[in-house]
Every structure is written in structure tokens, then in C-alpha cells.
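Inside the fold
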Amino acid sequence: MPGISREEVAHLARLARMELSGEELDHFAGQLDDIIGAVARVSEVADQDVPPTSHPLPLTNVMRADEVRPSLTPAQALSGAPAQEQQRFKVPQILGED
């Protein structure tokens with residue numbers, strides 16, 4: 001596979017409105033060529049027999065069991081509320097819906 005040329009890097013730099021020196025063009029050409037080669041190697045490894053995954057290891061959620069614990073009563077929880085209705089906080093309507 002042919003490497004990326006200095007002229008191609010200069011063209012990309014112009015598109016990005018970057019001013020690069022000749023030394024920078026040569027340096028970036030080599031770096032971009034390495035990146036393109038690495039991507040090509042990764043695409044060679046991918047195979048139809050390998051299912052796509054988001055993680056290499058299976059994930060499981062660690063959750064504690066639900067258990068009843070002492071907590072506030074509804075009256076205690078609503079004691080500082082400016083308005084309440086049917087053991088719930090009452091707030092102004094904002095969406096204009098019933």
C-alpha cells in the first residue's frame with residue numbers, strides 16, 4: 001500500500017487552514033502513514049466468525065437485595081414542603097397539561 005505523500009498532507013493542511021513547514025509536512029506524512037497502516041492491520045483481523053462486542057468480558061450488575069430499612073414517614077418527609085396534596089409534594093403546573 002503506497003504511503004501518504006507530502007502533497008496529500010499539504011492538501012489536508014490547506015483544507016484545515018493550517019500553515020505547515022516542509023519539515024512538519026514530512027513529519028506528519030510519516031505519522032499519518034503509520035496511522036493508516038495501523039487501521040489497515042485492525043481491519044485485517046476482523047473476521048465474520050468474531051461477533052461484535054462492546055466489552056471483551058461479560059458485564060454483570062452488582063446489586064444489593066432490597067430490604068426494608070427505617071426511613072422517614074410521609075408526614076416527616078413533607079414537613080418542610082411549601083405545599084402538599086395526598087401525601088405528595090404539590091408543585092406548580094409547568095406544561096399546561098392536566
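For the structure given in this document, a descriptive report is provided here. (Residues numbered from 1 in each chain as written. Predicted model: local features only at pLDDT ≥ 70, side-chain atom pairs only at ≥ 80, totals over all residues. Heavy atoms only, no water.)

What to know about the overall build of the chain
Looking only at helices and strands, one finds three helices and two strands in the chain. Traced from its N-terminal end to its C-terminal end, the chain shows the element sequence α-α-α-β-β. Over its C-alpha trace the chain gives a radius of gyration of 31 Å, far above what one expects of a compact globule, namely 13 Å for 98 residues. Referenced to the eigenvectors of the C-alpha coordinate spread, the extents of the chain come out at roughly 75 × 40 × 30 Å. A buried classification covers 9% of the 98 residues belonging to the chain. For the chain, the proportion of contacts with a sequence separation of at least 24, taken over those separated by at least 6, is 25%. Carbon and sulfur atoms make up 56% of the accessible area of the chain, which totals about 9,500 Å². (Helix = DSSP H or I, 4+ residues; strand = E, 2+ residues; numbered from the N terminus. Rg over C-alpha atoms; globule rule 2.2 N^0.38 Å. Buried < 20%, exposed > 50% of the residue type's maximum accessible area, 1.4 Å probe, protein only. Contact = heavy atoms within 4.5 Å. Areas by Shrake-Rupley, 256 points an atom, 1.4 Å probe, with all protein chains shown as cover.)

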